[in-house]
Amino acid sequence: MNSPWKGKAKATNQDYDDLRPTITYRHILSNNLGVRDPLRVVALCDSDAFYAACERVRLELDPNVPIVVQQWESIIAVSYPAREFGISRMDKIKDAKKKCPNLLAVHVATYKEGEKEPSYWKDVDTRTHKVSLDLYRRESNKIITMFKEALPTGEVEKASIDEAFIDFTRPVREKLLERYPYLAQVPADAPNGMDSPLPPPPPIKWDDLGTVLLPEGTDGAGEQSNVDIDGGATWHDVALSIAAELMRKIREDIHSKLGYTTSAGIARNKFLAKLCASYKKPNSQTILRNQAIPSYLHPLPFQKIRFLGGKLGDALAKEYDVSTVGDLLTISLDEIQSKFGENALWIYELLRGIDRTEVKEKSALFKSMLASKNLPKPITQPLDGYQWIRVLAAELALRLNDARESMPTLWPKTIVLHARKGYETSRSKQATFPFVRNVTVDVIATAADKLWKELTGDSKTVNITSVQLAFTGLEKAEIGQKSIEGFFATRDIQRTFLKRSREGDEPLVSLENTDLALPKSSDIEAVSFQCTRCRKTIALREGQATGGPSEVAQRLATLRSEHGDFHFAQDLANSNEGSVPVPRGSSLKRQKVEPKGIAKFFIQK
Ligand code: DCP
Ligand code: CA
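Residues numbered from 1 in each chain as written. Chains lettered and ligands numbered in written order. Predicted model: local features only at pLDDT ≥ 70, side-chain atom pairs only at ≥ 80, totals over all residues. Heavy atoms only, no water.

**Quick word on the overall build of the protein chain**
Of the regular secondary structure elements, the protein chain holds 19 helices and 18 strands. Put simply, the protein chain has 605 residues, and 47% of those count as buried. Once local pairs closer than 6 in sequence are excluded, the contacts in the protein chain between residues at least 24 apart make up 67%. Entry remark: accessible area of the protein chain is about 30800 Å², with carbon and sulfur atoms responsible for 50%. (Helix = DSSP H or I, 4+ residues; strand = E, 2+ residues; numbered from the N terminus. Buried < 20%, exposed > 50% of the residue type's maximum accessible area, 1.4 Å probe, protein only. Contact = heavy atoms within 4.5 Å. Areas by Shrake-Rupley, 256 points an atom, 1.4 Å probe, with all protein chains shown as cover.)

**So, the sheet that holds strand E15 (residues 427-432)**
The four strands lie next to each other as E13-E16-E14-E15, forming an open sheet whose pairing is antiparallel. Looking at strand neighbours, the two that pair on one side only are strand E13 (369-379) and E15, the edges of this open sheet. When the angles between neighbouring strand axes are averaged without regard to direction, this sheet yields 15°. Judged from the six bridges that link them, strand E14 (residues 410-420) and E15 form a sheet pairing that is antiparallel. Residue pairing in the sheet places Leu-417 in a bridge with Lys-429 of E15. Against the sheet, helix H14 (residues 385-406) touches E13, E14 and strand E16 (464-476), its axis set at about 160° to E13. Sheet contacts for helix H15 (residues 441-456): E13, E14, E15 and E16; angle to E14, the most-contacted strand, approximately 35°. (Pairing = 2+ DSSP bridges. Axes fitted to C-alpha atoms, helices over the stretch in contact; angles between N-to-C directions.)

**With respect to the coordination of the calcium ion (ligand 2)**
The protein atoms donating to the calcium ion (ligand 2) are Asp-46 (OD), Asp-46 (OD), Ser-47 (O) and Asp-162 (OD), with metal-donor distances spanning 2.2 to 2.9 Å. Look at where the donors of the calcium ion (ligand 2) fall in the sequence and you get D-S-x114-D. Separated by 116 residues along the polypeptide, Asp-46 in strand E1 (residues 42-47) and Asp-162 in the loop between strand E7 (155-160) and strand E8 (163-167) bring together distant segments of the chain. Of the two residues, Asp-46 and Asp-162, both sit in the buried class. (Donors = N, O, S within 2.8 Å, 3.2 Å for Na, K, Ca; no water.)

**A word on the packing of helix H5 (residues 134-150) against helix H7 (residues 235-258)**
Contact geometry for H5 and H7: axes closest at 10 Å, N-to-C directions at 140°. When the axes of H5 and H7 are compared, the pair comes out oblique. Every pair of crossing elements has a handedness; the one defined by H5 and H7 is right-handed. Between H5 and H7, the residues in contact are Lys-142, Ile-143, Met-146, Phe-147 and Ala-150 and Met-247, Ile-250, Asp-253, Ile-254, Lys-257 and Leu-258, respectively. Of the residues in the contact of H5 with H7, the class split is eight nonpolar, no polar and three charged. (Parallel < 35°, antiparallel > 145°, perpendicular 65-115°, else oblique. Left-handed = near helix turned anticlockwise from the far one by under 90°. Nonpolar A, V, L, I, M, F, W, Y, C, P; charged D, E, K, R; others polar.)

**Some thoughts on the environment of Lys-377**
Residue placement: Lys-377 occurs in strand E13. When the C-alpha positions of Lys-377 and Asn-463 are compared, they lie 9.6 Å apart, and in sequence the two are 86 residues distant.

**Digging into the site of ligand 1**
Around ligand 1 lies a shell of 13 residues, among which Ala-49, Phe-50, Tyr-80, Arg-89 and Lys-281 are the nearest. Tyr-51 places a polar main-chain atom, nitrogen or oxygen, 3.0 Å from an oxygen atom of ligand 1. One of the side-chain N or O atoms of Arg-83 is found 3.0 Å from an oxygen atom in ligand 1. Burial of ligand 1 by the protein chains amounts to 67% of its free accessible area of 560 Å². (Near = heavy atom within 4 Å. Polar contact = N/O pair within 3.5 Å; in protein donor to acceptor, adjacent residues only side chain to side chain.)

**Things to note about the sheet that holds strand E2 (residues 67-71)**
Taking strand neighbours across the sheet as the criterion, the three strands line up as E3-E2-E4 in an open arrangement whose pairing is mixed. Strand pairing shows two members of the sheet lacking a second neighbour, strand E3 (74-78) and strand E4 (104-107), which therefore form its edges. In this sheet, adjacent strand axes meet at a mean angle of 35° when their direction is disregarded. Judged from the four bridges that link them, E2 and E4 form a sheet pairing that is parallel. The partner of Gln-70 across the bridge, within E4, is His-107.

**Regarding the pairing of E7**
Note that E7 and E8 share five bridges and pair antiparallel. The partner of Lys-158 across the bridge, within E8, is Ala-164. Linkage of E7 to E8, two consecutive antiparallel strands, is achieved through a turn of two residues.

**Considering the nonpolar core**
One finds Phe-147, Phe-168, Leu-176, Trp-235, Met-247 and Ile-266 to be the most contacted residues of the largest nonpolar core, which totals 55 residues. Top element by residues in this core is H7. It accounts for 12 residues. Within the second largest apolar cluster, 41 residues are counted, among which are Leu-398, Ala-403, Val-439 and Val-467. (Core = buried A, V, L, I, M, F, W, Y, C linked by side-chain atoms within 4.5 Å.)

**Description of unusual backbone geometry**
A negative phi angle is the norm for most residues apart from glycine, just as the trans form is the norm for most peptide bonds. For the bond from Lys-281 to Pro-282, the omega torsion is -5°, close enough to zero to count as cis. On the secondary structure map, Pro-282 appears in the loop between helix H8 (270-277) and strand E12 (285-288). In this structure, Glu-60 is a non-glycine residue whose phi angle is positive, near 50°. Mapped onto the elements of the fold, Glu-60 is located in the loop between helix H2 (50-58) and E2. Notably, Asn-283 is not glycine yet its phi reads approximately 50°, a positive angle. With respect to the secondary-structure elements, Asn-283 resides in the loop between H8 and E12.

**Some remarks on helix H12 (residues 333-340)**
Among the residues of H12, those classed as buried are Glu-335, Ile-336 and Phe-340. When H12 is viewed along its axis, its buried side chains cluster within an angular range of 105° and face the same direction. Residues Asp-334 and Ser-338 are exposed on H12 and point more than 90 degrees away from its buried face. Looking at the buried side of H12, the elements it contacts are helix H10 (310-320) and helix H13 (344-351). Gly-341 lies just past H12 and shows a positive phi near 55°. (Arc of directions from axis to C-beta.)

**Digging into the environment of Arg-555**
In this structure, Arg-555 sits in helix H18 (residues 549-575). C-alpha separation for the pair Arg-555 and Leu-540, spaced 15 residues apart in sequence, amounts to 7.6 Å.

**Things to note about the packing of aromatic side chains**
Between two aromatic rings, the relevant description is the distance of the centres plus the angle of the planes. In this structure the tally under the stated criterion is eight aromatic pairs. Geometrically, the ring pair formed by Phe-433 and Phe-471 is edge-to-face, given 5.0 Å between the ring centres and 70° between the ring planes. Within this pair, whereas Phe-433 is found in the loop between E15 and H15, its partner Phe-471 is found in strand E16, the two being separated by 38 residues in sequence. Taking the relative accessible area as the measure of exposure, Phe-433 reaches 1% and is therefore buried. When its relative accessible area of 0% is taken as the criterion, Phe-471 is described as buried. A network of ring pairs unites the aromatic residues Phe-50, Tyr-51, Tyr-136 and Tyr-260 as a single cluster. Over the ring of Tyr-80 we find Arg-83, and its NZ or CZ is 3.9 Å from the ring centre. (Phe/Tyr/Trp six-rings, centres within 6.5 Å; stacked < 30°, edge-to-face > 60°. Lys NZ or Arg CZ within 6 Å of the ring centre and 35° of its normal.)

Rendered as structure tokens:
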């Protein structure tokens with residue numbers, strides 16, 4: 001293809017105009033360390049051969065034992081000692097064992113019908129078992145917790161089951177000011193006061209801090225291992241070296257406390273940190289200095305970059321007949337814009353090592369939890385579905401209860417059952433999930449059984465190839481608590497409730513938070529509110545919205561509390577033993593059940 005850009009002048013470091021920004025006292029003393037901070041430092045830390053390492057630690061094996069993790073007939077993780085035998089994920093178990101006769105192949109834990117916990121059964125069979133990744137999730141959470149505990153002022157974003165981004169900018173800033181206190185004092189003779197540049201940085205000892213990638217034009221092939229770096233060190237290099245020091249210490253702690261080795265990439269942003277994290281594996285870290293960004297990025301085949309692979313990468317390669325990042329640098333922003341519209345600036349900047357994506361912890365409240373099973377043998381008799389429901393319910397029970405260890409009031413609003421026949425769209429049924437404190441396999445299975453009955457209806461035979469059970473709308477039960485608290489506030493029976501609960505009736509929800517449902521100050525002017533539970537906007541009736549702000553606020557508080565009562569009553573009815581909530585949109589009448597315990601107490605008015 002005859003491309004007007006092919007053979008044009010080579011990209012120069014002019015394309016990277018922010019590699020040596022001048023750092024001033026204003027920068028170093030700023031409290032607002034955003035994504036444009038010139039001393040920004042981000043790391044990506046990834047666990048080595050993660051599932052294999054989890055199994056090795058669980059089995060208390062020597063780290064040199066070659067081990068793979070198997071899921072049915074496939075290999076899903078290969079330890080580094082096993083990789084030395086040329087084993088990869090692509091191998092079949094049989095072939096891997098040929099390559100290494102001493103190979104230990106551990107099958108992932110599975111759930112089995114009738115068992116509440118996953119385990120390592122001898123008779124794993126995809127027709128009767130379901131894979132459990134719970135061990136890996138738990139170990140992953142332990143690692144994330146160690147990052148957070150080690151860096152109370154850093155930001156940690158879990159990126160996958162075994163990777164996390166860490167924003168070191170603030171912890172590094174604290175260390176910089178602690179080690180070089182003179183940076184906090186603008187000298188009296190500084191020409192531009194706060195906007196004067198900092199004095200030259202001290203020499204950096206990169207020893208033991210990891211692999212340092214070399215800037216362009218330096219002798220040596222890509223890496224730097226000497227004690228003092230060249231005279232071109234910047235304060236950003238100092239920041240990187242401090243982050244590397246902190247990262248190394250955390251990685252060592254993870255290794256000694258949990259037994260896992262990790263590999264990290266440390267650079268000025270997420271994109272570059274991720275890119276260099278796997279430069280050397282296992283058990284190592286790589287530092288990409290700003291000066292080395294061009295020489296590191298230029299020769300990279302751009303389609304290997306995650307965001308630039310796939311269709312977008314194909315389009316770029318075809319359009320411009322190019323293959324490396326360096327090739328793409330000669331294309332102007334206008335040109336990219338005309339071809340790629342709104343993504344253009346982002347692509348243009350990424351190619352120049354610029355990425356302003358924040359490191360931000362995703363809400364700890366993952367909104368849903370899904371357990372699913374593709375059935376090697378379709379379910380043909382409706383009765384056969386119940387065994388899978390119990391298996392899926394066991395997984396959800398374990399996961400919800402694990403999550404409740406750190407968030408005790410976590411509560412799913414809805415339970416959803418999906419069933420699919422071949423490649424047809426799945427059918428689903430859902431219901432409000434009972435408001436119960438102890439979510440056991442039985443509670444979940446009872447709710448799901450009811451949905452299964454609805455889904456299969458009167459059919460004598462079915463043909464279901466995949467079943468999924470999910471919790472959706474997972475949230476801390478604050479709204480529920482507020483409803484209940486509102487309930488107590490309006491009926492003034494809190495004392496009675498507490499008395500009865502001490503006498504032995506198990507309260508359905510905890511009452512730890514006794515802050516009553518009063519409007520927040522921001523609500524004072526409001527005449528309506530949106531219920532976070534049912535999403536409806538509940539407004540004061542005409543005429544009620546008049547009067548002084550405190551009267552309106554009071555009426556709104558009453559309305560909130562009444563609306564909370566409505567949900568509370570529903571939850572009580574649903575959480576009664578033996579009662580299963582009526583799915584939304586169902587024409588079924590709510591089952592009449594004799595209220596028991598605390599529910600009976602409340603329903604008697
Ligand atoms: N995984 C999987 N199926 C895949 C890829 C990965 O089940 N196709 C699981 C098993 C891995 C874990 O995810 O242990 C993490 O994936 P990585 O790609 O990070 O691979 P590893 O951690 O196993 O190896 P590495 O040391 O190369 O990161
Ligand atoms: Ca990994």
